[in-house]
Amino acid sequence: MALPPYTKPHATPTDWVAHLRARGLVVPRPNVAARKIERVGYERLRIYFIARRQTHLPGKPFRAGTTYNQILNLYDCDRRLRAICFDACGDFELAFRNSMSEALTRAHGSHPHKAEDAFKDGSSRRVALDQLSTLYAKSRDARAHNYMAKYSDPVLPPFWTMKEFLTFGAAVRFYALLSNPIKAAVAHDFGMPTHEVLTNWLECLVDLRNVCAHHDRLFNRIFQKQPSRLRRQNLPTAPVNKLKARLECLDHLLTSRGLTGGRVATVQALLARYPDVQAAEVGY
């Protein structure tokens, strides 16, 4: 059977406020509510509206007594939650790149990307060189231009400079190309029993970082990538498709490296300031 065409017309912020009020949302100041929708966008707020609607009933009315300010509290809590998670991912990203750089240059000198045994195999080394060469050629960083102006050989700067040009995702992909001894050394720095488990956690954290960087929602999110459990440390204890599990992983990685953890507790404190938000709605 053919699907019907999309026929919904354009709606102004004022139209959306009228729609919400007709569904039972308490909006004391409709003009203020419309301006908020104009700034933020109805689609961005929609997930929070849905969370307080009775979707099993005709017309999907709001729960009795639900106010517009309560919806904004859900949105504001999610915004602050993203900031906490993004900050934590940033702290780990820097530590991870530095650990990888130290392991590589300690074993293979300033330009480990020239060493065959720094990588899994010749193919991995070629992929890594292509990755670094592209980053270097496109970089507008003053350190890249300084090296270009001063040196002709090697073509690429030392790795302790090159790693500064790697995004989190690029650093994780580069890590996957390295030899097992190098990957194991990095895993050990972060209290991980094997590099395979660290790789799995890294992929989960890149996913979390991207959600935060792109201003996507953490509210009511079920993560597809799931961290493996460390049985000896009993980590993570939370369901592996929820946010808390990722923050437990982050806390372990950061504290193992001598950095400040405590993000699980920080989010718990945030939730205490937002009684309109149910802990389960943010993966707690």
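Notes on the structure follow. (Residues numbered from 1 in each chain as written. Predicted model: local features only at pLDDT ≥ 70, side-chain atom pairs only at ≥ 80, totals over all residues. Heavy atoms only, no water.)

### Quick word on the overall build of the protein chain
Next, step 1: Helix and strand counts for the protein chain stand at 12 helices and zero strands.
Next, step 2: The helix and strand sequence of the protein chain, counted from the amino end, reads α-α-α-α-α-α-α-α-α-α-α-α.
Next, step 3: The C-alpha radius of gyration computed for the protein chain amounts to 24 Å, which surpasses the reference 19 Å derived for 284 residues by more than 25%, pointing to a less compact arrangement than a globule.
Next, step 4: Expressed as a percentage of the 284 residues in the protein chain, the buried residues total 45%.
Next, step 5: Partitioning the intrachain contacts of the protein chain with sequence separation of at least 6 by distance along the chain shows that 61% fall at a separation of at least 24.
Next, step 6: Just so you have it, the protein chain exposes about 15100 Å², and 51% of that area is on carbon and sulfur atoms.
Next, step 7: Considering the protein chain, the positive charge centre built from 42 side chains and the negative charge centre built from 25 side chains are found 7 Å apart. (Helix = DSSP H or I, 4+ residues; strand = E, 2+ residues; numbered from the N terminus. Rg over C-alpha atoms; globule rule 2.2 N^0.38 Å. Buried < 20%, exposed > 50% of the residue type's maximum accessible area, 1.4 Å probe, protein only. Contact = heavy atoms within 4.5 Å. Areas by Shrake-Rupley, 256 points an atom, 1.4 Å probe, with all protein chains shown as cover. Lys, Arg positive; Asp, Glu negative; His and termini not counted. Charge placed at Lys NZ, Arg CZ, Asp CG, Glu CD.)

### So, the nonpolar core
Next, step 1: Counting 85 residues, the largest nonpolar core has F92, F96 and M100 as the members making the most contacts within it.
Next, step 2: Broken down by element, the residue count for this core peaks at 17 residues, all from helix α4 (residues 68–108).
Next, step 3: Setting aside residues no more than four positions away along its own chain, F92 makes contact with F168, F190, L202, L205, L250, L253 and L254. (Core = buried A, V, L, I, M, F, W, Y, C linked by side-chain atoms within 4.5 Å.)

### Here's the deal with the environment of L135
Next, step 1: For L135, the location among the structural elements is in helix α5 (residues 122–138).
Next, step 2: When the C-alpha positions of L135 and A185 are compared, they lie 25 Å apart, and in sequence the two are 50 residues distant.
Next, step 3: Discounting residues that sit within four places of it in the chain, L135 has contacts with F165 and L166.

### Some words on helix α10 (residues 195–213)
Next, step 1: Given a rise of 1.5 Å per residue, 19 residues ought to cover 27 Å, and the 26 Å separating the end C-alpha atoms of α10 matches this to within 8%.
Next, step 2: Residues of α10 that are buried include every one of H195, V197, L198, N200, W201, L202, C204, L205, V206, L208, V211 and C212, and no others.
Next, step 3: Structurally, α10 contributes buried residues whose contacts are with α4, α8 (168–176), α9 (180–189) and α11 (243–256).
Next, step 4: Where α10 terminates, the next one or two residues include H215, which has phi positive at roughly 60 degrees. (Expected span 1.5 Å × (residues − 1).)

### Re α4
Next, step 1: Spanning 41 residues, α4 covers 59 Å between terminal C-alpha atoms, matching the ideal 60 Å at 1.5 Å per step.
Next, step 2: With its phi angle positive at about 85 degrees, G109 sits one or two positions after the end of α4.

### Some remarks on the pattern of salt bridges
A side chain of one charge can pair with a side chain of the opposite charge when the charged atoms of the two come close.
Next, step 1: Per the counting criterion, the structure on display carries 14 salt bridges.
Next, step 2: A salt bridge links D189 to R257; its shortest N-O distance comes to 3.7 Å. Taken together, the residues span a long stretch of sequence, with D189 in helix α9 and R257 in the loop between α11 and α12 (263–272) at a distance of 68 residues.
Next, step 3: Owing to a relative accessible area of 34%, R257 belongs among the partly exposed residues under this scheme.
Next, step 4: One continuous salt-bridge network, built from bridges that share partners, spans E93, R97, D141, R143, K163 and E164. (Salt bridge = Lys/Arg side-chain N within 4 Å of Asp/Glu carboxyl O.)

### Notes on the packing of α10 against α11
Next, step 1: Interhelical geometry of α10 versus α11 gives an angle of 120 degrees and a closest axis separation of 11 Å. Relative to α11, the element α10 lies oblique. Helix-helix and strand crossings are classified by hand; for α10 and α11 the assignment is left-handed. Residue-level inspection shows L198, W201, C204, L205 and L208 of α10 in contact with α11, the latter providing L243, R246, C249, L250, H252 and L253.
Next, step 2: Residue composition of the contact of α10 with α11, by class: nine nonpolar, one polar and one charged. (Axes fitted to C-alpha atoms, helices over the stretch in contact; angles between N-to-C directions. Parallel < 35°, antiparallel > 145°, perpendicular 65-115°, else oblique. Left-handed = near helix turned anticlockwise from the far one by under 90°. Nonpolar A, V, L, I, M, F, W, Y, C, P; charged D, E, K, R; others polar.)

### Some words on the side chain of R125
Next, step 1: Following the sequence through the fold, R125 ends up in helix α5.
Next, step 2: A polar atom in the side chain of R125 sits 3.2 Å from the backbone oxygen of H113.
Next, step 3: Ignoring any residue separated from it by four or fewer positions in sequence, one finds R125 in contact with H113, K114, A115, E116 and F119. (Polar contact = N/O pair within 3.5 Å; in protein donor to acceptor, adjacent residues only side chain to side chain.)

### Overview of the packing of α8 against α10
Next, step 1: Axis separation between α8 and α10 bottoms out at 10 Å; the angle between their running directions is 160 degrees. Here α10 runs roughly antiparallel to α8, going by the angle between their axes. Both α8 and α10 take part in a crossing whose hand is left-handed. Residue-level contacts link F168, G169, V172 and Y175 of α8 to H195, L198, T199, L202, L205, V206 and R209 of α10.
Next, step 2: For the contact of α8 with α10, the class distribution of residues is seven nonpolar, three polar and one charged.

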